[in-house]
Amino acid sequence: MEHIVIIGNGISGVTAARHIRKLSDKKITIISAETDYFFSRTALMYIYMGHMKFEHTQPYENWFWKKNRIELKNGFVQQVDTTNKELHFADGDKMSYDKLIIATGSKPNKFGWPGQDLDGVMGMYHKQDLESLEKHTPGTKRAVIVGGGLIGIELAEMLVSRNIPVTFLVRETSFWNGVLPAGESEMINRHIREHHIDLRLDTNLVEILADENGRARAVTTDKGETIECQVVGLTAGVSPNIDFLKDSAIETNRGVLVNRHLETNISDVYAIGDCAQQHEAIGLRRPIEAVWYTGRMMGETVAQTICGNRTEYKPGHWFNSAKFLDIEYQTYGWVFARPQEYEKQFYWEHEGGKKCIRISYHKDTNEFLGINNFGIRMRHEVFDKWLTEKRDVDYVINHLAEANFDPEFFARHEAEILQHFNSQTLTNA
Amino acid sequence: MKHNVEQSMSLTSPAPTNLSLMQKFATFLGVTGLGILLLAAFNINFPHKALWLTISLSAITIGTIAFSYGLYGNTAEGIKNNGVFFKSISNRGFLGWIAGILLTGFYVVLYFYPEYLGLVKDGDNTGVIAVFDPLSRLLSGNPASQWFVYGTLYTVAIFAFGIKFMWKYRHNRYEVIRTGSVMFFQTAFAFIIPELMARLNTDTFKLPYYDLKNVWPLNYYNFEGYRIKEFVNAGNIGLALLIFGIASIFIITPILTYKYGKRWYCSWVCGCGGLAETAGDSFRQLSDKSKFAWKVERWVIHSVLVFIIVTTTAVVHSYLGHDTSKYWLTKNTFLIGVSVFLTVLFALIWIFKRQELKKDARYGAIGYLVIILAFVALHYTSGDSKIFLFKANDLRSTYGFLIGSIFSGVIGTGFYPILGSRVWCRFGCPMAAILGIQQRLFSKFRITTNGGQCISCGNCSTYCEMGIDVRAYAQKGENIVRASCVGCGICSAVCPRGVLKLENGSQEGRINPNEVLLGNDVNLMDLVNRK
Ligand SMILES: Cc1cc2nc3c(=O)[nH]c(=O)nc-3n(C[C@H](O)[C@H](O)[C@H](O)COP(=O)(O)OP(=O)(O)OC[C@H]3O[C@@H](n4cnc5c(N)ncnc54)[C@H](O)[C@@H]3O)c2cc1C
Ligand code: SF4
Ligand code: SF4
């Protein structure tokens, strides 16, 4: 029986395993050094905040794996010997495979800051990071977070939930403005401050200072300030977790290089999820996509290939979502922070300052290109359809109600949005 | 190393537990209110009962509301689940167990030893019950009973904790309006109207005590002999009430459930649901989400349903006559009528909805078969008063004791802090069972999943009081169409990615099992989802 070995029990590895099981009778083993069972990394914050216990973040009950004949191994793969098709574990164990799927995810970026490995300094990616934060929480009077992205703001929310004052160092001049246009980004700046988070825009970390026990006691910034703190969170992005492949024959760049079929340069070796890097970006996507659902989709795809139906990875229209403290965010299609030369944008913000939408469309054809919605939920299915049908912006604005996904009885804003749109396009004309 | 997180979370309590001054005062106030009642229970005699009752109930209400204000007043609108699993009361800790034991004790006294509360059969009440006499006289003109005391406290609880709930979910209009509805139905329909109806009673005219929003089989006693007599003797009003009672089951309920799902009742109207949603809200996360629990649930709740159908049939059968010339409905016609009705119902489900049933159909069929066999057996083996080997009366009192008192009261509410807030609704309530079958098979209601947006975080499953593993559906892009869903809307509220929406829509595409989700290659989606 063919032995499929998957390194990494995150969403991509587990999805691949589930689908291979559905399609075949092959022997499947999933390896991870992090946890025995699959859990949802996206829910790490809720454990620390007391919304859930760790067990609640496990999407499948523990009996699931045995019942589906998916073997689980807890161990760290140190080396991949592609000639003999063999894995070498940190504890000296070995395992041979017929086909190998690398799904090892990411690790937090560290940019060589002085003091970045001190006690009390941590990223927020693995379960062990959460444990470290938990350990350092008692007695913490202030925490400093470095890096204003999605994980940074989650970490800020976590700490605030435990009444720990937070200073949030953000390199950009406005929160996440590489992705969010000014209106949205400023809305989130305000919201962050409303939660009493000390947001420092346009500020870089210079150094983390240690106390006599080798624990972080303060940071210094490029504004010449020294901020006392006991915990430092490094959340300046993530990069593929592939150091263990250094000496292998598998071709890597920032991530494991794969073609559109998720195959590496070595036959029978595949890479999916956060750690995979496309030779060439697909459409407007980035070559490395570190989001939940792309990992899942790559898992679905590679399972087809491994079970004899060689399939290309063809993600559909881009979408994503996040939550900034109390404000939910969704996006469908592409809306750029700094409009592309073909792009025109329409922005509406609710007077309460916690809801807004931005619609991007082609300046010549009026084709609808994408939407950012904050504080209003929208239907994925509807936008996916409109993008495929290449609807124009007027159609979208006039049919927004069809796409609304807010719970029943919520205040509706379509009429106001339409009016705003009409008045804007009139003055522009 | 592996268990660090869990350990530190259970040993020390990292949640900010310091109460604000406001909350300390509120706690003091609430405890004082309860203390007055407790003192009364130990037979401290209060001179001005009306005054002390007012003080006590106001203190409890204001205390609860002030506490909630302290909790949520100064926070931004949004989800308020910080520290839920760190707090002893909401995580089956020491306080949770204490609360569970106290509540259970209260129910045992209430149901089985009301004399300890001061109930005196022929004579003036004493103790707590006496304190409630003035209010009872004001409403119905009669002295209080233990049920009046219970009803009052129940209403106060729904009211005060209802306000807390509204505060907590003030950003969510569905929750606010729904809670207002529950508070209204409890105060008006369950509490005030029946008491006022009792005022209409004279020596020659008596209406049975009737909470109009309680539908059989929740009020399993509705068709018992003494009540039917009272209905019939009360002339047109009585008859109207009786007809309303029957129409509630066969007409009103199916129509509303078709249009809106069982939520119209379970989380908008019902008193049991009302208490669970308000006072029980702090415990919703304790429901068991395992597949095993779901299996137990299906068996237990449908068994209770069969039990009450058999019991009610037997009870009605027992007081009907044999003689068609006296009254058209005789023992024989009634039994045949019930059998035919159930057979037709079963046949229709089997013919039109069999594909949707899968496993459950087998269970349903077996349960149904048991009933039918029971009828047949009963018809031929019984003398006047027996169904199988039991007397109708014994069946009735067994049901009343096991299900009516122990299950719905002692376990259902007493165990809130241990098993979660909807144990009764999920495992025991025969009304929920009927509405559930309707919801699963004949309803426009579903929870729609938003394409591929789910990140499998688990908030929805954790906070589903009915123990539905919502995530299991959401992460497959599949709509949630479950018999037990009471439509509380909390899964949708707590979802951080806007994945869930409670909706009434067309039947087509309502149930949509997916293997590959929206967002992936369209051809692949077609290929895999087709089969
Ligand atoms: C706090 C946080 C919040 C997030 N929120 C969102 C969100 O809201 N939406 C979204 O789209 N994405 C979110 N993400 C990103 C998302 O979680 C990732 O894209 C996704 O988990 C990647 O899945 P994966 O299966 O590729 O890798 P991973 O989940 O990282 O799994 C890889 C596993 O492999 C193990 N491993 C690595 N190397 C080895 C080795 N040599 N030997 C053995 N085991 C090894 C790792 O320990 C890990 O357990 C979030 C991430 C974090 C950290
Ligand atoms: S599935 Fe959602 S709406 Fe239904 S009972 Fe559970 S939490 Fe409430
Ligand atoms: S809460 Fe939302 S995102 Fe989280 S598992 Fe449930 S549906 Fe998915």
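Parameters and conventions
Residues numbered from 1 in each chain as written. Chains lettered and ligands numbered in written order. Predicted model: local features only at pLDDT ≥ 70, side-chain atom pairs only at ≥ 80, totals over all residues. Heavy atoms only, no water. Domains from an automatic or database assignment. Contact = heavy atoms within 4.5 Å. Buried area = accessible area lost by both parts, 1.4 Å probe. Salt bridge = Lys/Arg side-chain N within 4 Å of Asp/Glu carboxyl O. Near = heavy atom within 4 Å. Nonpolar A, V, L, I, M, F, W, Y, C, P; charged D, E, K, R; others polar. Buried < 20%, exposed > 50% of the residue type's maximum accessible area, 1.4 Å probe, protein only. Helix = DSSP H or I, 4+ residues; strand = E, 2+ residues; numbered from the N terminus. Pairing = 2+ DSSP bridges. Polar contact = N/O pair within 3.5 Å; in protein donor to acceptor, adjacent residues only side chain to side chain. UniProt positions renumbered as here; feature names shortened; annotations may be inferred. Axes fitted to C-alpha atoms, helices over the stretch in contact; angles between N-to-C directions.

Further remarks concern the domain arrangement of chain B. Residue and element names in this part refer to chain B. Under the domain assignment, chain B is made up of domain 1 (18-82 + 113-198) and domain 2 (443-529). Computed from C-alpha coordinates alone, the two centres of domain 1 and domain 2 are separated by 38 Å. The partner domain 2 presents 8 residues to the 8 residues of domain 1 that form the contact. Counting each side, the surface lost to burial between domain 1 and domain 2 is near 570 Å², with a carbon and sulfur contribution of 54%. Of all residues in domain 1, Ile 79, Asn 81 and Tyr 174 bury the most surface against domain 2, accounting for 53% of the area lost on that side. Across the contact surface, domain 1 and domain 2 share 0 salt bridges.

Moving on, we come to the site of ligand 2. Contacts to ligand 2 come from Ile 447, Cys 464, Met 466, Ile 468, Val 470, Cys 485, Val 486, Gly 487, Cys 488, Gly 489 and Cys 491 of chain B. Residues that form the shell around ligand 2 fall into these classes: 9 nonpolar, 2 polar and no charged.

Turning our attention to the pairing of strand β7 (residues 99-102) of chain A. Residues and elements named next belong to chain A. Here β7 shows no split at all, with Lys 99 and Ile 101 on one side and Leu 100 and Ile 102 on the other all buried. In terms of strand pairing, strand β1 (residues 3-7) meets β7 through 4 bridges, oriented parallel. Within β7, the position partnered with Ile 7 by the bridge is Ile 102. Relative to strand β19 (residues 269-271), β7 runs parallel, the two being bridged by 3 bridges. Residue pairing for β19: Ile 101 is matched across the bridge by Tyr 270.

All names here are of chain B. Close contacts around ligand 3 come from 13 residues, with Cys 454, Cys 457, Gly 458, Cys 460 and Cys 495 the closest. Going through the elements one at a time, α19 (459-462) and α20 (470-474) are the ones with two or more residues in the shell around ligand 3. Split into classes, the residues belonging to the shell around ligand 3 amount to 9 nonpolar, 3 polar and 1 charged.

In total, this model carries 40 salt bridges over all chains according to the counting rule given. Here Asp 117 of chain A makes a salt bridge to Lys 110 of chain A, at a shortest N to O gap of 3.1 Å. What makes Asp 117 of chain A exposed here is its relative accessible area of 63%. One salt bridge in this structure joins Glu 154 of chain A and Arg 497 of chain B, with 3.7 Å as the shortest N-O distance. Taken together, the residues span two chains, with Glu 154 of chain A in helix α5 (residues 150-161) and Arg 497 of chain B in the loop between α21 (490-494) and β4 (500-504). The buried category is assigned to Glu 154 of chain A, whose relative accessible area is 17%. By relative accessible area, Arg 497 of chain B is classed as buried at 8%. When salt bridges that share partners are traced, they join Lys 168, Glu 175, Arg 178, Glu 277, Asp 281, Arg 284, Arg 422 and Glu 465 of chain B into one network.

All names here are of chain A. Its location among the elements puts Thr 311 in the loop between α7 (292-306) and β21 (319-324). Note on Thr 311: relative accessible area 9%, which makes it buried. Separated by 2.5 Å, the side chain of Thr 311 and the backbone oxygen of Asn 309 make a polar contact.

It is worth spelling out the interface of chain B and chain A at this point. Opposite the 69 residues of chain B that make contact, chain A presents 71 residues. Surface buried jointly by chain B and chain A totals about 5,600 Å² across both partners, of which 50% is contributed by carbon and sulfur atoms. For chain B, the biggest contributors to the area lost against chain A are Gln 453, Arg 497 and Lys 501 of chain B; these three give 10% of the whole. Across the chain B-chain A interface, the total number found is 3 salt bridges.

So, on to the UniProt feature "domain: FAD/NAD(P)-binding" (unreviewed entry) in chain A. Residues annotated in UniProt with the feature "domain: FAD/NAD(P)-binding" (unreviewed entry) correspond here to residues 3-279 of chain A. Counted over residues 3-279 of chain A, helix gives 21% and strand 29%. Its end C-alpha atoms are 27 Å apart.

Here we have 5 strands laid out as an open sheet, ordered β9-β16-β10-β11-β12 (chain A), and parallel in their pairing. Both edges of this open sheet fall to β9 (121-122) and β12 (198-200) of chain A, since each of them pairs with a single strand only.

All names here are of chain A. Spatially, β3-β2-β1-β7-β19 is the arrangement adopted by the 5 strands of the open sheet, whose pairing is parallel. Among the strands making up the open sheet, the edge pair consists of β3 (70-74) and β19. Taken over all neighbouring pairs, the strand axes of this sheet differ in orientation by 20 degrees on average, direction set aside. Contacts from helix α1 (residues 11-23) reach β1, β2 (27-32), β3 and β7, with the element oriented near 170 degrees to β2.

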